[in-house]
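As a plain string of letters, each chain reads:
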Amino acid sequence: MKECIFCKIVNGEIPCEKVYEDEFSFAFLDINPINEGHTLVIPKKHYPNFYDLPDKDYMEVNKAIKKISTLIHKNINPKKVGLLVSGWDVDHTHFHIIPMYDYHDITSKKILENTRLNPSKKDLEKTAKKIRGIKK
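None of these values were measured; they are calculated from a predicted model.

Here is what the cut-offs are and how they apply
Residues numbered from 1 in each chain as written. Predicted model: local features only at pLDDT ≥ 70, side-chain atom pairs only at ≥ 80, totals over all residues. Heavy atoms only, no water. Core = buried A, V, L, I, M, F, W, Y, C linked by side-chain atoms within 4.5 Å. Buried < 20%, exposed > 50% of the residue type's maximum accessible area, 1.4 Å probe, protein only. Helix = DSSP H or I, 4+ residues; strand = E, 2+ residues; numbered from the N terminus. Contact = heavy atoms within 4.5 Å. Phe/Tyr/Trp six-rings, centres within 6.5 Å; stacked < 30°, edge-to-face > 60°. Salt bridge = Lys/Arg side-chain N within 4 Å of Asp/Glu carboxyl O. Expected span 1.5 Å × (residues − 1). Pairing = 2+ DSSP bridges.

(A) Spotlight on the nonpolar core. Within the largest apolar cluster, 18 residues are counted, with the highest numbers of intra-cluster contacts made by V19, V41 and I68. When contributions to this core are tallied by element, the ones reaching two or more residues are β1 (18–21), β2 (25–29), α2 (55–75), β5 (95–100) and α4 (121–132). The leading source of residues in this core is α2, at 5 residues. Here V19 is in contact with A27, F28, L29, T39, I68, A128, I131 and R132, once residues within four sequence places are set aside. Counting 10 residues, the second-largest nonpolar core is a separate cluster that includes C4, C7, V10 and F28.

What follows is the structure in structure tokens.
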């Protein structure tokens, strides 16, 4: 799909901090993260709703989600790792993997209170390397 920002990211037309990629899935850091390591996982093919994915694609994307969640747990070390599917902002199926330290890490409380800051590009690069298990 030509106008989809996530399709453009997959095609390399828009830069991102990629965390993972395979035949079916593409994962990159959210530029407005709830916490360090907040990662978006998308199918490479454009589907507006996750329930529209063919079963094979859906299962493969979920395998990627599990791998990335494990990497986040191991390398970022949050208390919990949360998973959220929304799709309101971009009409391309996307799964949010969110490192959690508090129940409100997947609610809008911190955003409404303006108690979280967006990271710099350098911070995003550092976090992507950390998730992948790359030292420095």
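(B) Summary view of the packing of aromatic side chains. All chains considered together, the criterion is met by 5 aromatic pairs. Ring pairs connect the aromatic residues F50, Y51, Y58 and F95, which therefore count as one cluster.

(C) How the structure looks around the pattern of salt bridges. Applying the stated rule across the entire model yields 7 salt bridges. Salt-bridge contacts for K18 lead to E21; the nearest nitrogen and oxygen are separated by 2.7 Å. By relative accessible area, E21 is classed as partly exposed at 36%. Among the ionic pairs, E125 bridges to K121, the shortest N-O distance being 3.2 Å. Linking E125 with K121, this pair stays in helix α4, spanning 4 residues, or about one helical turn. Given a relative accessible area of 30%, E125 falls into the partly exposed group. Assessed through its relative accessible area of 54%, K121 is described here as exposed. Three or more residues joined by partner-sharing salt bridges are found here, namely E17, K121 and E125.

(D) Expanded view of α2. In this model, α2 (21 residues) spans 30 Å end to end at C-alpha, consistent with the 30 Å of a helix rising 1.5 Å per residue. Structurally, α2 contributes buried residues whose contacts are with β1, β2, β3 (39–43), β4 (80–85), β5 and α4. Positive phi shows up at N77, right after α2, with a value of about 65°.

(E) Just the pairing of β3, in detail. For β3, the tally of buried residues reaches 5 of 5 residues, placing the bulk of the element in the interior. Burial of the side chains of β3 extends over both faces: T39, V41 and P43 are buried on one face and L40 and I42 on the other. In terms of strand pairing, β2 meets β3 through 5 bridges, oriented antiparallel. Considered in β3, the bridge of A27 is made with V41. Bridge count between β3 and β5: 3 bridges; the pairing is antiparallel. By the bridge assignment for β5, T39 is matched with I97.

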